[in-house]
Every structure is written in structure tokens, then in C-alpha cells.
Amino acid sequence: MAIDKVLADVAVDDFASALTWYERLLGRPADAAPMDGLAEWHLAEGGGIQVSDYADRAGSSNVTLVVSSLDEQLAALEAEGIPVGPIQGTPGFVKAATVSDPEGNEITFAEDLTDKT
């Protein structure tokens, strides 16, 4: 079996509000809305995020997005007024910071430091 794409799902209860928040978080509207209550952002070749109207699971999702510059990502989030948790990590390996959406889902932005010397 060949897998062509992986989409991490973030479950929300207030779909309309979540769309607005994720547009701010990701810097653009969703790339696709394949059905009612579902929006997709295609973030990298073969990968992305879905936000789904799924009240029973709302607030329990965790997603990690690896970015080329955590500092630039945090500046963009700050410009959008999105609060970010503390920077954590392991020197020379990874640094990361987490944001929570209004329903409690956690999105961690991480920077791989292993090839940056």
C-alpha cells in the first residue's frame, strides 16, 4: 500500500470560529473544504491539517508542525495576537513552542536543529 498524503485532524466544537482562528494561525484560508464541517490546509508535499466539526472529540487534538525558523514563526504568531507557550527543547536537537486553540487543541511548532551548525 502506498500512502500519498497524511492529514492530521483537529476536532472542534465551534467550526465557524475555529476556521477564523486557524486562518490566523496558518496565515491563509483553508485550501479545501471537501465536505460540510471539514476544512483542509495543505502545508507540505503530502501533509497537512484538517479541522473537523467533531464536538465529541473537540479540544483533545495535538499536532506538531516542523518549521524552518521557530523565531520567524513565533514572530508571525505574535503579530496575529496568538499567545505562545515557552520555548522548550534540547540544545543542538530541537526547539519548540506550543499554542492552544480556543477549544484546547495544542499545535506545537518545532525547529529541527540537528543540521544547523
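See the structure above.
Residues numbered from 1 in each chain as written. Predicted model: local features only at pLDDT ≥ 70, side-chain atom pairs only at ≥ 80, totals over all residues. Heavy atoms only, no water.

Colleague: How should I be thinking about the nonpolar core in this particular structure?
Modeller: Nonpolar side chains tend toward joint burial in soluble globular proteins. Ranked by internal contacts, the top residues of the largest apolar core, which has 23 residues, are Tyr-22, Leu-25, Val-51, Val-99, Ile-107 and Phe-109. Secondary-structure elements contributing two or more residues to this core are strand 1 (6-12), helix 1 (15-26), strand 3 (38-44), strand 4 (47-53), strand 5 (62-66), helix 2 (70-79), strand 7 (94-100) and strand 8 (106-112). No other element matches helix 1, which puts 6 residues into this core. Discounting residues that sit within four places of it in the chain, Leu-25 has contacts with Gln-73, Leu-77, Ile-82, Val-99, Ile-107 and Phe-109. (Core = buried A, V, L, I, M, F, W, Y, C linked by side-chain atoms within 4.5 Å. Buried < 20%, exposed > 50% of the residue type's maximum accessible area, 1.4 Å probe, protein only. Helix = DSSP H or I, 4+ residues; strand = E, 2+ residues; numbered from the N terminus. Contact = heavy atoms within 4.5 Å.)

Colleague: I tried to follow helix 2 on my own but got confused; where do I start?
Modeller: Helical periodicity: at 3.6 residues per turn, an α-helix aligns residues three or four positions apart in one direction. All buried positions along helix 2 are accounted for by Leu-70, Gln-73, Leu-74 and Leu-77. One side of helix 2 carries all its buried residues, which in axial view fall inside an arc of 95°. Summarising the geometry of helix 2, the exposed residues directed more than 90 degrees from the buried face are Glu-72 and Ala-79. Contact partners of the buried residues in helix 2: helix 1, strand 7 and strand 8. Two residues or fewer past helix 2, Gly-81 is found with a positive phi of approximately 75°. (Arc of directions from axis to C-beta.)

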